Amino acid sequence: MLVDSHCHLDFPDFEFELPDIIARAEDTGIRRMVTISTRVKQFDRIRAIAERFDPVYCSVGTHPHNADEELDIETSDLIRLAEHPKVVAIGEAGLDYFYDKSPRDAQATGFRRHIAAARETGLPLVIHSRDADDDMIAILEDETEKGAFPAILHCFSSGRRLAERGVALGLYVSFSGILTFKKSEDIRSIAADVPMDRLLVETDAPYLAPPPHRGKRNEPSYVAHTARVLAEVKGVSEEEIAQQTTENFFRLFKKVSCP
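Remember, predicted model here, so these are calculated numbers, not experimental data.

Colleague: Looking at this model, I keep getting lost on the overall build of the chain. Mind explaining?
Modeller: When its secondary structure is counted, the chain shows nine helices and eight strands. For the chain, the C-alpha radius of gyration of 17 Å lies close to 18 Å, the compact-globule estimate for 259 residues. The principal-axis extent of the C-alpha atoms belonging to the chain is close to 45 × 40 × 30 Å. Put simply, the chain has 259 residues, and 58% of those count as buried. Surface accessibility of the chain: about 10800 Å² in total, with carbon and sulfur atoms responsible for 47%. The positive charge centre, built from 32 side chains, and the negative charge centre, built from 44, are 1 Å apart in the chain.

Here it is as structure tokens:
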């Protein structure tokens, strides 16, 4: 059994194939999938997918790319929407200085609101961080002083210091298909040192397909390829990495039912 802790099943790439995609995932042993919100104002679409398919759960939140579009979304709105039984996480939210599609102050404001929602609900915050390690660490440390909150550094592609500080603050670290890319030696080195009880795997589908599907559309069933490489990096069997990452998932995503 494996879990895809982060995918985007509401994206147009999957519109006409959802039943087949979910069936392929289940056939591969992927028993749970979390489809992640990028705009609260499109949350109805995310929720409908989670309601339609038993193995699928969802989050509610605003991606940093869209932060300036949703500054009217308050922490209380996130908390209210998170009451739905299929909403198991807050986010994704965070900082993205690589694309800078939203002003950085808007990203930080939105991020802190999501942190507050995670703290209040006890649901894990799905954190997006790209080229923003110093500010990300500063915000995480500042907010943790106000009260702990569950969180995951999703699709990890940042520096070692962020991974180490995240783990020290109680966060989990999730690896995507990036882990499998030839030029990702640094990411594999970081993954090798993340404690086993803090590891997760994901696809971030439809992006970042691992070999042998590199360059094609990603989908939840492909998380098995990432798990295989993670097992090699950690020097354990594929069965052990599947068991450990699945246990970690259910410990973090407490609202998800076990199959």
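Read on for the rest.
Colleague: Any chance you could explain the pattern of salt bridges here in plain terms?
Modeller: Think of it this way: side chains of opposite charge can pair up when their charged atoms draw near. Inspection of the entire model under this criterion finds 20 salt bridges. Note that Glu 238 and Arg 228 form a salt bridge whose closest N and O atoms lie 3.5 Å from each other. Of the two residues, Glu 238 sits in helix α9 (residues 238-252) while Arg 228 sits in helix α8 (residues 223-234), which places them ten residues apart along the sequence. Using a relative accessible area of 40% as the deciding quantity, one classes Glu 238 as partly exposed.

Colleague: Would you take a moment to explain helix α2 (residues 43-52) for this structure?
Modeller: Along an α-helix, a turn takes 3.6 residues, which lines up residues three or four apart on a common side. If you check which residues of α2 are buried, you get Phe 43, Ile 46, Ile 49 and Ala 50. Burial along α2 is one-sided: seen end-on, the buried residues are contained in an arc of 125 degrees. Away from the buried face of α2 by more than 90 degrees, exposed residues Asp 44 and Arg 52 are located. Taken together, the buried residues of α2 touch α1 (18-27), β2 (30-35), β3 (56-60), α3 (75-81) and β4 (87-96).

Colleague: Hey, could you run me through α9 in this one?
Modeller: Spanning 15 residues, α9 covers 21 Å between terminal C-alpha atoms, matching the ideal 21 Å at 1.5 Å per step. Turning to α9, its buried residues number three or more, namely Ile 241, Ala 242, Gln 244, Thr 245, Thr 246, Asn 248, Phe 249, Phe 250 and Leu 252. The secondary structure elements touched by the buried residues of α9 are β1 (2-7), β2, β6 (151-153), β7 (172-175), β8 (199-201) and α8.

Colleague: I tried to follow the packing of helix α4 (residues 104-121) against helix α5 (residues 133-146) on my own but got confused; where do I start?
Modeller: When two helices pack together, their arrangement is captured by the angle between the axes and the distance separating the axes. Between α4 and α5, the least distance of the axes is 11 Å, while the angle of their chain directions is 35 degrees. Classified by chirality, the crossing of α5 by α4 is right-handed. Side by side, α4 and α5 meet where Ala 108, Phe 111, Arg 112, Ile 115 and Arg 119 of the first sit next to Met 136, Ile 139, Leu 140, Asp 142, Glu 143 and Lys 146 of the second. For the contact of α4 with α5, the class distribution of residues is six nonpolar, no polar and five charged.

Colleague: Before we go on, may I ask you to explain the sheet that holds β7 in this structure?
Modeller: Each strand in a sheet pairs with another by means of backbone hydrogen bonds, the pair being arranged parallel or else antiparallel. One open sheet holds the eight strands; their spatial order is β1-β2-β3-β4-β5-β6-β7-β8, and the pairing between them is parallel. Sheet topology places β1 and β8 at the edges, where each strand pairs with a single neighbour. Here the strands of the sheet are splayed against their neighbours by 30 degrees on average, with no regard to which way each runs. Bridge count for β2 against β3 is three bridges, and the pairing is parallel. Note on β3: the bridge partner recorded for Thr 35 is Cys 58. This element, α2, spans β2, β3 and β4 of the sheet and lies at about 160 degrees to β3. Those strands touched by α4 are β4 and β5 (125-130), and its axis lies near 155 degrees from that of β4.

Cut-offs used in this document
- Residues numbered from 1 in each chain as written.
- Predicted model: local features only at pLDDT ≥ 70, side-chain atom pairs only at ≥ 80, totals over all residues.
- Heavy atoms only, no water.
- Helix = DSSP H or I, 4+ residues; strand = E, 2+ residues; numbered from the N terminus.
- Rg over C-alpha atoms; globule rule 2.2 N^0.38 Å.
- Buried < 20%, exposed > 50% of the residue type's maximum accessible area, 1.4 Å probe, protein only.
- Areas by Shrake-Rupley, 256 points an atom, 1.4 Å probe, with all protein chains shown as cover.
- Lys, Arg positive; Asp, Glu negative; His and termini not counted.
- Charge placed at Lys NZ, Arg CZ, Asp CG, Glu CD.
- Salt bridge = Lys/Arg side-chain N within 4 Å of Asp/Glu carboxyl O.
- Arc of directions from axis to C-beta.
- Contact = heavy atoms within 4.5 Å.
- Expected span 1.5 Å × (residues − 1).
- Axes fitted to C-alpha atoms, helices over the stretch in contact; angles between N-to-C directions.
- Left-handed = near helix turned anticlockwise from the far one by under 90°.
- Nonpolar A, V, L, I, M, F, W, Y, C, P; charged D, E, K, R; others polar.
- Pairing = 2+ DSSP bridges.

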